[in-house]
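# A closer look at the structure
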Amino acid sequence: MPAVTAPAPSRPIPMDAAPVQDTTRPRALQVLLILIALLACATLAAAASGAVDIPWSALPQLLLGNAATPDETLWQSVLWQVRLPRVLFAIVCGGGLAIAGVSMQALFRNPLAEPGLIGISAGGSLGAVAAIVLGYQQFAVLAPAAFCGSLGATLLAYRLGRMQHGMAGLLLAGVAINAICWALIGLFTYLADDTQLRSLTFWNLGSLAGASWPLLAFLAPWTVAISIMLLRHWRAMNALLLGEREAQHLGFSLKPLRRRMVILTALLVGPLVAATGTIGFIGLVVPHLVRLSLGADHRWLLPNALVAGALALTLADWLARIVVIPSELPIGIVTALVGGPFFLWLLTRGGPR
């Protein structure tokens, strides 16, 4: 009978051994700093360029309010009353849409999910279109109508989605709500007159032309507060990537978690859609690009996507303003022209060689 040799004793791990290093953190911090620097440059470029060009050398004294000549007085007026509110508005909206996109992609475990999947954008469009056709084109009525439409469509989709197990019910309910909303939008469009049709078309294509300091004073704190709430869910988002059963084993209660994330996303995107109209692809393309660069760890994905979304929308709005001076393109056209080719690139990247 052959002798049985005992297994070699396992080597104990010394108490002073160095912990495993997080290799993602240095790269994520580097990318975040680069994105912040690019955002600062884009902010200055967007503030200086447009129908009235402002010399870069004059920006510091204009920001301090030290206008000495008639030209500088004009530049200062344009900078403070038009450019700065709009640029900061683009930063707020872009960051909010990107954070919402990351949350939806984690919730559905699908990198091609976006906030519009559960009816937020379609509901907001329906509310705004209904207000325009009924004769209420003032922003004070249009924005609340769009917000109520976004929130109502999302809550209805969530309510109906609870009848099915898992996320499939919410996804199917969102598809149905989107179809109904767009059908009603088509009906209102058919009933609209020529003037209303122009307003409907411009609103549905998205624009940041309504930016102002009072609007920014409300929307910026709101967006920052809800973004922070979503940022605090990064552990739950990481757990969701492992699967529902694994997330439950890690101690997360899925039903309350889904409810919180859906409601927070609706509260974040609803006011943005109400203020800007429909702006596509920021909540889809930006999170996906950041994920390709940094991986799926939401501890770093969320803040980097926030800054990248702000950068993307700032650049898109800048292009929309300078391409057809003195007019401007709807920003939804610019984002679609970038997002469409990105999808084609994804298809060709993953296909056969």
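Each value, and the rule that gives it
Residues numbered from 1 in each chain as written. Predicted model: local features only at pLDDT ≥ 70, side-chain atom pairs only at ≥ 80, totals over all residues. Heavy atoms only, no water. Helix = DSSP H or I, 4+ residues; strand = E, 2+ residues; numbered from the N terminus. Buried < 20%, exposed > 50% of the residue type's maximum accessible area, 1.4 Å probe, protein only. Contact = heavy atoms within 4.5 Å. Areas by Shrake-Rupley, 256 points an atom, 1.4 Å probe, with all protein chains shown as cover. Lys, Arg positive; Asp, Glu negative; His and termini not counted. Charge placed at Lys NZ, Arg CZ, Asp CG, Glu CD. Axes fitted to C-alpha atoms, helices over the stretch in contact; angles between N-to-C directions. Nonpolar A, V, L, I, M, F, W, Y, C, P; charged D, E, K, R; others polar. Disulfide = S-S within 2.5 Å. Phe/Tyr/Trp six-rings, centres within 6.5 Å; stacked < 30°, edge-to-face > 60°. Core = buried A, V, L, I, M, F, W, Y, C linked by side-chain atoms within 4.5 Å. Patch = residues over 30% accessible without salt bridge, like charges linked within 9 Å, V, L, I, M, F, W, Y side chains within 5 Å. Salt bridge = Lys/Arg side-chain N within 4 Å of Asp/Glu carboxyl O. pLDDT = per-residue confidence, 0-100.

A tally of regular secondary structure across the protein chain gives 14 helices and zero strands. Reading the protein chain from its N terminus to its C terminus gives the helix and strand order α-α-α-α-α-α-α-α-α-α-α-α-α-α. Counting only C-alpha atoms and orienting by the principal axes, one finds that the protein chain spans roughly 100 × 55 × 45 Å. The buried share of the protein chain, reckoned over its 353 residues, is 46%. In the protein chain, 76% of the contacts between residues at least 6 apart in sequence involve partners at least 24 apart. Accessible surface, the protein chain as shown: approximately 18400 Å² in total, 68% of it carbon and sulfur. Distance from the positive charge centre (21 side chains) to the negative charge centre (13 side chains) of the protein chain: 15 Å.

Following both chains from N to C, one finds helix H9 (residues 234–242) and helix H13 (residues 298–322) inclined at 115°, their axes separated by 8 Å at the closest point. Here Trp-234, Met-237, Asn-238 and Leu-241 of H9 lie close against H13, whose contacting residues are His-298, Arg-299 and Leu-302. Residue composition of the contact of H9 with H13, grouped by class: four nonpolar, two polar and one charged.

As a further point, take the state of the cysteines. Counted by the stated rule, this structure contains zero disulfides. Cysteine Cys-93 shares no disulfide, and the gap to the nearest cysteine sulfur, in Cys-148, comes to 18 Å. Assessed through its relative accessible area of 1%, Cys-93 is described here as buried.

By the definition in use, this model includes two aromatic pairs. Considering the side-chain rings of Trp-80 and Trp-213, the 6.3 Å spacing of their centres and the 35° angle between planes classify their relative orientation as tilted. Of this pair, Trp-80 sits in helix H3 (residues 70–108) while Trp-213 is found in helix H8 (residues 213–231), placing the two residues 133 residues apart along the sequence.

Looking now at the side chain of Ser-227. By secondary structure assignment, the location of Ser-227 is in helix H8. When its relative accessible area of 5% is taken as the criterion, Ser-227 is described as buried. The contact partners of Ser-227, leaving out residues within four places of it in the chain, are Ile-99, Leu-268 and Leu-306.

For the rest of this paragraph, the subject is the nonpolar core. Within the largest apolar cluster, 88 residues are counted, with the highest numbers of intra-cluster contacts made by Phe-89, Leu-107, Phe-108, Leu-170 and Leu-313. It is H3 that provides the largest number of residues to this core, a total of 13 residues. Non-local contacts of Phe-89, meaning those with residues more than four positions away in its chain, are made with Leu-208, Ala-211, Leu-215, Leu-216, Leu-219, Ala-275 and Thr-276. Among the nonpolar cores identified, the runner-up in size contains nine residues, and Ala-47, Leu-59, Leu-62 and Leu-84 belong to it.

Turning our eyes to something else, we now look at a nonpolar patch on the surface. Nonpolar side chains collect at one region of the surface, where Ile-180, Leu-184, Leu-187, Tyr-190 and Leu-191 lie side by side and expose about 550 Å² of accessible area between them. Positionally, Leu-187 belongs in helix H6 (residues 168–191). Look at Leu-187 and you get partly exposed, because its relative accessible area is 45%.

Next up on the list: unusual backbone geometry. If a residue is not glycine, its phi is most likely negative; likewise, a peptide bond is most likely trans. Despite not being glycine, Arg-109 shows a phi value in the positive range, around 55°. You can see Arg-109 is positioned in the loop between H3 and helix H4 (120–133). Residue Arg-109 is classed as partly exposed on the basis of its relative accessible area of 47%.

On to the environment of His-249, then. Checked against the element boundaries, His-249 lands in helix H10 (residues 244–249). The exposed category is assigned to His-249, whose relative accessible area is 67%.

Attention now goes to the confidence of the model for the protein chain. Taken over all residues, the pLDDT of the protein chain has a mean of 83, while the share at 70 or more is 91%. Element-level mean pLDDT values for the protein chain span from 79 in helix H14 (residues 331–350) up to 93 in H13.

Tallying each qualifying case throughout the model produces four salt bridges. Linking Arg-86 and Asp-317 is a salt bridge whose minimum nitrogen-to-oxygen distance equals 2.8 Å. Pair noted here: Arg-86 is in helix H3 and Asp-317 is in helix H13, with a separation of 231 residues, a long-range link. Among the residues examined, Arg-86 registers a relative accessible area of 9% and is labelled buried.

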